[in-house]
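Breakdown of the fold
Chain by chain, the residues:
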Amino acid sequence: MYTNFQEYLKKELAQIEADGLYKNERIIESPQGAEILVKGKKCLNFCANNYLGLGNNPELIAAAKKGMDERGFGMASVRFICGCQDLHKKLEQKIAEFFGTEDTILYAACFDANGGVFEPLLNEQDAIISDALNHASIIDGVRLCKAQRFRYANADMADLEKQLQDAQKCRFRLIVTDGVFSMDGNVCPLDKIYELAQKYNAMVMVDESHSAGVVGKTGRGVTERYNLRGKIEILTGTLGKAFGGAMGGFTTGRKEIIDMLRQRSRPYLFSNSMAPGLVAAGIRMFEMMAETNELQDKLHANTDYFIKQMLAKGFDCKPSESAICAVMLYDAPLSQKFAAKMQEEGIFVTGFYYPVVPKGQARIRVQISAAHEKEHLDKCINAFVKIGKELGVIK
Ligand SMILES: *Cc1c(COP(=O)(O)O)cnc(C)c1O
């Protein structure tokens, strides 16, 4: 039975490799952090979503251990059958406090939150109006829903307005956007999106995965950045990036929306509850966020420093309001060569090219963290300068 299929897979895999698109994983032999160990060698990591540097935070590790001691290892059940622990309810409340929303529902991951948010709320009478660069999990979630689909060019408000006009015939309209777009690091223009939503009677959903903990003076995300706390109907997010980097996702927003998701959202109804250790660490994490703004301040200072230095050295960086810095090289092979040479210098950054970014827009993406010290940033900048000169990118 398998022989034909095996042949087919082998051929496909060989083609992926021939196209230069084969993904090889890096094997890390240490905890996540600014410095990581790869093949026994110390390297600097500039390609993790560890924005606040909490991936190896001692307080979170201690909270997770305590959570496991007190509430066990696993739940071995879904919530609608077996219920949840007091910890789960507490974490949901902490998330709502953080974002200034009414209620929260937890998922195993934000991929599930996005996969389970549209189908229970909207049907064929309704419209979902989605940014063209939204995350794969939003695209998949929209596919699972019967609502009519409208798409607007990335952050293009004229196009969004046109789509809203086309969608006026529908019963309900939901505009969906990433808070921060992962390839450019640009923040969605939520002020303008909100204005258009008012004008055309639409609701708004923002995926805060890359923006929560990062964007806004205190890291409360794009609703803080645009003074729209409590005004956006639906926010989704992850505990797998700035918020400790382990795993877990959530949808937070209007009470009735969250109520309905608890009734009908399939990844919630048919997938396991979050493990107590992770939930306990999540609670501690949001307590830390309420106690101090130190990590956000450090992240913002690090990002400003890095981009200013890179521009001063002659690199072409996209403007960024997040912790993502796109160093533009435009040429695909050059982006791969550049990233490989950075790795030889002990610095991990990722080179992206078509189809992940538009043709002719190849780049190196650098992700800054509060875990980076000035010496780490300088090492990275110096390596960029050395290789940039070698490859003729800068003079
Ligand atoms: C990372 C990411 C997700 C997925 O989050 P997980 O919790 O890892 O599943 C969803 N949406 C966006 C915008 C992301 O960047």
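Each remark here, short or long, concerns the structure printed above.
Below: a short report on this structure. None of the values given here were measured: they were computed from a predicted structure. (Residues numbered from 1 in each chain as written. Predicted model: local features only at pLDDT ≥ 70, side-chain atom pairs only at ≥ 80, totals over all residues. Heavy atoms only, no water.)

Focus on unusual backbone geometry
Going from tyrosine 354 to proline 355, the amide bond is cis rather than trans, its omega being 15 degrees. By secondary structure assignment, the location of proline 355 is in the loop between strand E12 (350–352) and strand E13 (362–367). The backbone phi angle of asparagine 227 is positive, close to 55 degrees, even though this residue is not glycine. As for its placement among the helices and strands, asparagine 227 is situated in the loop between helix H9 (222–225) and strand E8 (234–238). (Helix = DSSP H or I, 4+ residues; strand = E, 2+ residues; numbered from the N terminus.)

Overview of empty space enclosed by the protein
Taken as a whole and assessed by the stated rule, the structure comprises 2 cavities of 30 Å³ or more. In this structure, the largest cavity spans a volume of roughly 90 Å³. Lining the largest cavity we find Arg79, His88, Leu106, Tyr107, Ala108, Pro267, Tyr268, Ser271, Asn272, Ser273 and Met274. Those elements giving two or more residues to the lining of the largest cavity turn out to be strand E3 (103–107) and helix H11 (266–269). (1 Å grid on protein atoms, 1.4 Å probe; cavity = no way out; pocket = protein on both sides within 12 Å on 5 of 7 lines; lining within 4 Å. Points joined across faces, edges and corners; volume = space filled by probe spheres on them.)

Side note on the pairing of strand E9 (residues 249–253)
For a regular strand, the rule is simple: side chains alternate between the two faces of the sheet. When you tally the buried positions in E9, you get 5 out of 5 residues, the bulk of the element. The two faces of E9 match: Gly249, Thr251 and Gly253 on one face and Phe250 and Thr252 on the other face are all buried. Bridging between E3 and E9 involves 5 bridges; their strand directions are antiparallel. Bridged to aspartate 103 within E9 is glycine 253. As judged from the 5 bridges shared by E8 and E9, these two strands associate in the antiparallel manner. Bridge assignment links threonine 236 to a residue of E9, and that residue is threonine 251. (Buried < 20%, exposed > 50% of the residue type's maximum accessible area, 1.4 Å probe, protein only. Pairing = 2+ DSSP bridges.)

Here's the deal with the packing of aromatic side chains
Applying the stated criterion to the full structure yields 14 aromatic pairs. On the basis of an interplanar angle of 75 degrees and a centroid distance of 6.4 Å, the ring pair of phenylalanine 315 and phenylalanine 338 is categorised as edge-to-face. Within this pair, whereas phenylalanine 315 is found in the loop between helix H13 (294–312) and strand E10 (324–330), its partner phenylalanine 338 is found in helix H14 (residues 332–344), the two being separated by 23 residues in sequence. Using a relative accessible area of 3% as the deciding quantity, one classes phenylalanine 315 as buried. Here the aromatic residues Phe46, Phe306, Phe315, Phe338 and Phe384 are joined through ring pairs into a cluster of three or more. The ring of phenylalanine 348 has arginine 26 lying over it, and the distance from NZ or CZ to the ring centre is 3.7 Å. Stacked on the ring of tyrosine 354, the Lys or Arg lysine 359 has its end atom at 4.4 Å from the ring centre. (Phe/Tyr/Trp six-rings, centres within 6.5 Å; stacked < 30°, edge-to-face > 60°. Lys NZ or Arg CZ within 6 Å of the ring centre and 35° of its normal.)

A closer look at the sheet that holds E13
The sheet built from 3 strands is open, its strands ordered E10-E13-E12 with antiparallel pairing. Each of the sheet's edge strands pairs with one partner strand only, and the pair in question is E10 and E12. Adjacent strand axes in the sheet meet at a mean angle of 30 degrees when their direction is disregarded. (Axes fitted to C-alpha atoms, helices over the stretch in contact; angles between N-to-C directions.)

What to know about the sheet that holds E9
With mixed pairing, 7 strands are arranged side by side in an open sheet as E3-E9-E8-E7-E6-E4-E5. The sheet terminates laterally at E3 and strand E5 (148–152), the two strands that pair on one side only. When strand polarity is set aside, the average angle formed by the axes of neighbouring strands in this sheet is 20 degrees. Both strand E4 (residues 127–131) and strand E6 (residues 173–178) contribute to a ladder of 4 bridges, which runs parallel. Directly across from alanine 127, in E6, lies its bridge partner arginine 173. Sitting on the sheet, helix H8 (residues 190–199) is in contact with E5, E6 and strand E7 (203–207), with an inclination near 155 degrees to E7. Against the sheet, helix H10 (residues 255–264) engages E3, E8 and E9, with an angle of about 30 degrees to E3. (Contact = heavy atoms within 4.5 Å.)

Considering the packing of helix H7 (residues 157–166) against H8
Where H7 meets H8, the closest approach of the two axes is 11 Å, and the angle between their N-to-C directions is 20 degrees. Between H7 and H8, the interaxial angle falls into the category roughly parallel. H7 and H8 meet at a crossing whose hand is right-handed. Across the interface between the two elements, Met157, Leu160, Glu161 and Leu164 of H7 pack against Lys192, Ile193, Leu196 and Lys199 of H8. Across the contact of H7 with H8, the residue classes break down as 5 nonpolar, no polar and 3 charged. (Parallel < 35°, antiparallel > 145°, perpendicular 65-115°, else oblique. Left-handed = near helix turned anticlockwise from the far one by under 90°. Nonpolar A, V, L, I, M, F, W, Y, C, P; charged D, E, K, R; others polar.)

Quick notes on the nonpolar core
Soluble, globular proteins show a tendency: their nonpolar side chains are buried together. Core analysis: the largest hydrophobic core is formed by 84 residues, its most contacted members being Leu190, Phe306, Val366 and Phe384. Once you skip the residues sitting within four places of it in the chain, phenylalanine 384 turns out to touch Phe306, Met310, Phe315, Val327, Phe338, Met342, Ile364 and Val366. (Core = buried A, V, L, I, M, F, W, Y, C linked by side-chain atoms within 4.5 Å.)

Section: H8
The set of residues buried in H8 consists of Leu190, Ile193, Tyr194, Leu196 and Ala197. All buried residues of H8 fall inside an arc of 165 degrees around its axis, so they share one side. Facing away from the buried side of H8 by more than 90 degrees, the exposed set consists of Glu195, Gln198 and Lys199. Backbone geometry just downstream of H8 places asparagine 201 in the positive-phi region, at approximately 55 degrees. (Arc of directions from axis to C-beta.)

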